[in-house]
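Each chain, written out:
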Amino acid sequence: MSHQLDQIVSEVAGYDPNADLALVRRAYEFASQAHEGQTRKSGDPYVTHPISVARIIAELKLDVSSICAGLLHDCVEDTSATVEQLSETFGKEIAYLVDGVTKLGKLPYSTREEQQAENFRKMLLAMARDIRVILVKLCDRLDNMRSLNHLPPEKQERIAAETMQIYAPLANRLGIQWVKIELEDLSFKYLYPGEYDQLAAEIAKTRAERLEYIHHVEKLIEKEMSDNGVPCEVTGRAKHLWSIYSKMKRTQRPFDEIHDAIGFRVVTDNQMHCYQALGVAHSTWTPIPGRFKDYIALPKPNLYQSLHTAVIGPRGERIEVQIRTNDMNLVAESGVAAHWKYKEAGADGGREGVRPEDDKKFAWLRQLMESHKELRDPTEFLESVKIDLFGDEVYVFTPGGDVKALPKGSVPIDFAYAVHSSVGDHCSGARVNGMIVPLRYQLRNGDTIEIITNPNQKPNKDWLKLVKTARARTKIRWLLRQEQRDKAVALGNDLVEKALRKHDMSMARAEKGLDVAAKALKCQNVDELIVQVGYGKITTQQVIDALPGIVKKGDEPAAKPEGVFKSLIRKVTTRRTQSQGIKVAGEEDVLVRFAKCCSPLPGDPITGFITRGRGVTVHRRDCDKGLDLDPDRRVEVEWDGASKAQHEVAIQVLCTNKPGLLAHISQCFTDQGVNISQAHCRATDDGRAVNTFHALVRDLDQLKQVNRALSRIKGVYSVDRVAAEAT
């Protein structure tokens, strides 16, 4: 252990000669004692993990406080140490960083998803105050991913999915490319093991040939640049596995048809030489139209700057070329970590730590929190954060010439909400480059957008199918839910008034009684009670039964709130309910239907929504259509583990169009014990076939087994679960 610690201390001293190395050693001693006797799943002493995290932090060249936070990051969560104790021993700054990274595992949450959302929300809040919180967390996640092979398969898949959905995009947004790349490839390995092994084997076959080509082209580019007076260093590399696999999926092509899987980086001394190098590349080799991007003039929000182009290079191979300065290269590799400065000791001898050079560069962090702080629902919160972290961007202009970066695929409505909420709410049309365009028009780089508003215009459900930004989606959902709530209030008032009239009472006379009834039925107040009646979650009979002073027939006791679903929704036979395998708020005899937009299977996280007169509709928790519905209509549902029901799911298989392959695919379903209920197969013009199978499976695990088996068939490009209603 001491050898590893010496390596960390040596590395820190190398980039920060004034570092308090004694503090690093003290943090190590504290962590070592706190984790005494604890081991990892691999059997190694637990302290090996915080040491590895600290080493990764040192690779990012962060300050001593960050190194110490890495060594201490699990002390509060996994040992008896407290934040207060860390504050007294190591100071408030280090304690704050550790607290920001510490999970909220000790608090009671109803679902794992809610816990994940609140952990992440806390981390974002801490990150908005100090970016080092997320840098430490990313290093922690990277070391956990490197040792994921010691965990059981279901945990591997869950952690890898979370990493791919949140932490890899976050590393990308922070501009730390090497961390993003490693997180993506490690996640790929555990999420799609069959595809990963197959692609790794394909790449291994051509490794020697590829290295020879890279070396040849490096020398060629260096010579061309030197001959034209551009000083530079050239390095070539193959794209990482997940990048190649994503391109195969996106273009629906096998590995041997992916031509630009090799990229070259030209690093020069100044911006003028960057553009000169671009001219040399384009005059030497044929540029591929539409593949040039200038991120120097228009940097990405994560501070990344570079020129990107693709050309038909030597031997007719397509190659990607990135051209940048040394400073730009540092930012491209280390992102925000390259934007710290070390402050000298203050007059009192204390260190101020590391601070961003320019707060404006990190404005997106504050925007991220601003746009999500009102989202209390954990599923919706995580979904909106993922939208903001994911994807490429387009750069468009306001009529005044200001640049706005929006996710690729954004429409004028997204732009309108980016300008102001009221502009989005009343957006009725748009002019792009002076021409009227429909609201479904997808914005392109360089477009100038002018929004046309109408005070009578308001959002509708169809907008949710168009928009790409979390901000637009959140605002539209809020207004649509407000409309639904207003309708529920009107209906609830009407129903309660009619019920009271039958007992010779009015709303005014029953005001105090309704307060009592609201509490008895577990509502915050009378307004909430009225809304629940309007939605159909509470019946008027329950309201009457809970009112004090009303004589009930036979002096029967008041209905219990937990019986709400039995009296509310039409009962069905026990046999039918058991075949569906769903319990609604603990009740089994409730009418249930599965949403075709997401076709949930046992094993999927699910949620239910009450629809008056139609029972409960069950959606997957991450279903877009489910997220569009009002949370007030939500009801807790769970799978009945005893059920042996079969569930229909749609599986789309993209493959080459060759004789006998369809029979091979059908046999694969049979071998997995899965019955195909219907199939749609069609050939495409480019020698491929798109096959959609509706199959009956027991649960999510069986679906995964089928998908893995299908992926291993030679000639199959991709296997995806799709919405049943979309087929």
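Across the sheet, four strands lie side by side as β21-β22-β20-β23; this open sheet has antiparallel pairing. Two strands lie at the open edges of the sheet, namely β21 (675–683) and β23 (716–722), each paired on one side alone. Averaged over all neighbouring strand pairs, the angle between strand axes comes to 20°, with direction disregarded. Bridging between strand β20 (residues 647–656) and strand β22 (residues 688–697) involves ten bridges; their strand directions are antiparallel. By the bridge assignment, glutamate 648 is partnered in β22 with leucine 696.

Backbone-to-backbone hydrogen bonds join strands into a sheet, with any given pair of strands oriented parallel or antiparallel. Spatial strand order, β12-β11-β13: three strands in an open sheet with antiparallel pairing. Since the sheet does not close on itself, it has two edges, and those belong to β12 (435–437) and β13 (449–453), each with one partner. Across the sheet, the axes of successive neighbouring strands diverge by a mean angle of 35°, strand direction being ignored. Pairing of strand β11 (residues 427–432) with β13 involves five bridges; the strand directions are antiparallel. Among the inter-strand pairings, valine 432 is bridged to a residue of β13, identified as isoleucine 449. Along the sheet, helix α19 (residues 412–419) contacts β11, β12 and β13; its crossing angle with β13, the most-contacted strand, is approximately 85°.

Bringing the environment of arginine 324 into the picture now. Tracing the sequence through the fold places arginine 324 in strand β6 (residues 318–325). By relative accessible area, which is 1% here, arginine 324 ends up buried. Taking the C-alpha atoms as reference, arginine 324 lies 6.5 Å from leucine 307; in sequence the two are 17 residues apart. In this structure arginine 324 touches Arg265, Val266, Val267, Thr268, Cys274, Tyr304, Gln305, Ser306, Asn329 and Ala332, once residues within four positions along its chain are discounted.

A few words now on the nonpolar core. Of all hydrophobic cores here, the largest spans 75 residues; its most connected members are Ile67, Leu72 and Leu199. In this view, leucine 72 contacts Ala27, Phe30, Ala31, Leu86, Phe90, Ile94 and Val98; residues no more than four positions away in its chain are not counted. With 24 residues, the next largest nonpolar core counts Val394, Phe415, Ile449 and Ile451 among its residues.

On inspection of all chains with the given rule, the structure shows zero disulfides. Sulfur of cysteine 597: no disulfide; nearest cysteine sulfur belongs to cysteine 623 and is 3.5 Å away. Overall, the relative accessible area of 17% leaves cysteine 597 in the buried class.

Time to look at the packing of helix α10 (residues 153–173) against helix α11 (residues 177–191). Angle between the axes and distance between the axes: these two values describe a pair of packed helices. Close contact between α10 and α11 brings their axes to 9 Å; oriented N to C, the two are set at 160°. In terms of their interaxial angle, α10 and α11 are classed as roughly antiparallel. Crossing geometry of α10 relative to α11 is assigned as left-handed. Across the interface between the two elements, Gln156, Glu157, Ala160, Ala161, Thr163, Met164, Tyr167, Ala168, Ala171 and Asn172 from α10 touch Gln177, Val179, Lys180, Leu183, Glu184, Ser187, Phe188, Tyr190 and Leu191 from α11. Within the contact of α10 with α11, the residues separate by chemical class into eleven nonpolar, five polar and three charged.

Turning our eyes to something else, we now look at the side chain of aspartate 74. Residue position: aspartate 74 is located in the loop between α4 (64–72) and α5 (75–78). Setting aside residues no more than four positions away along its own chain, aspartate 74 makes contact with His35, Tyr46, His49 and Thr79.

Right, let's talk about the packing of aromatic side chains for a bit. A complete count under the given rule lists eleven aromatic pairs for this structure. Ring centres of phenylalanine 188 and tyrosine 196 lie 5.4 Å apart, and the angle between their planes is 75°; on these two criteria the pair is classed as edge-to-face. Accessibility expressed as a relative area gives 17% for tyrosine 196, which makes it buried. When the ring of phenylalanine 669 is compared with that of phenylalanine 693, the centres are 5.1 Å apart and the planes differ by 50°; the resulting orientation is tilted. Of the two residues, phenylalanine 669 is situated in helix α29 (residues 661–671) and phenylalanine 693 in strand β22; the sequence distance between them amounts to 24 residues. The buried category is assigned to phenylalanine 693, whose relative accessible area is 2%.

Analysis parameters
Within every chain, residues take consecutive numbers counted from 1 along the sequence as written. Local features in a predicted model are, by the rule used here, given only for residues with pLDDT of at least 70; side-chain atom pairs are given and counted only at 80 or more, and totals for whole chains, interfaces and linings are based on all residues. Side-chain calculation: all heavy atoms of the structure are included, whereas hydrogens and water are not. Pairs of strands are assigned from DSSP output, requiring at least two bridges between the strands. Each helix is a run of DSSP H or I of at least 4 residues and each strand a run of E of at least 2, with the numbering of both proceeding from the N terminus. A fitted line through C-alpha atoms serves as each axis, taken over the contacting stretch for helices, and the angle formed by two N-to-C directions is quoted from 0 to 180°. We call two residues contacting when some pair of their heavy atoms lies within 4.5 Å. Each residue is placed in one exposure class: buried if its accessible area under a 1.4 Å probe, protein chains only, is under 20% of its type's maximum, exposed if it is over 50%, and partly exposed if it falls in between. To qualify as a nonpolar core, a set must consist of buried Ala, Val, Leu, Ile, Met, Phe, Trp, Tyr and Cys residues joined through side-chain atoms within 4.5 Å. Pairs of cysteine sulfur atoms within 2.5 Å are identified as disulfides in what follows. When describing relative orientation, an angle under 35 degrees is termed roughly parallel and one over 145 degrees roughly antiparallel, while 65 to 115 degrees is termed roughly perpendicular and anything else oblique. Helix crossings fall into two classes, left-handed where the near helix is turned counterclockwise from the far one by less than a right angle and right-handed where it is turned clockwise. The residue classification treats Ala, Val, Leu, Ile, Met, Phe, Trp, Tyr, Cys and Pro as nonpolar and Asp, Glu, Lys and Arg as charged. All others, Gly included, are polar. When two rings of Phe, Tyr or Trp (its six-membered ring) have centres within 6.5 Å they constitute a pair, described as stacked for plane angles under 30 degrees, edge-to-face for angles over 60, and tilted for the intermediate range.

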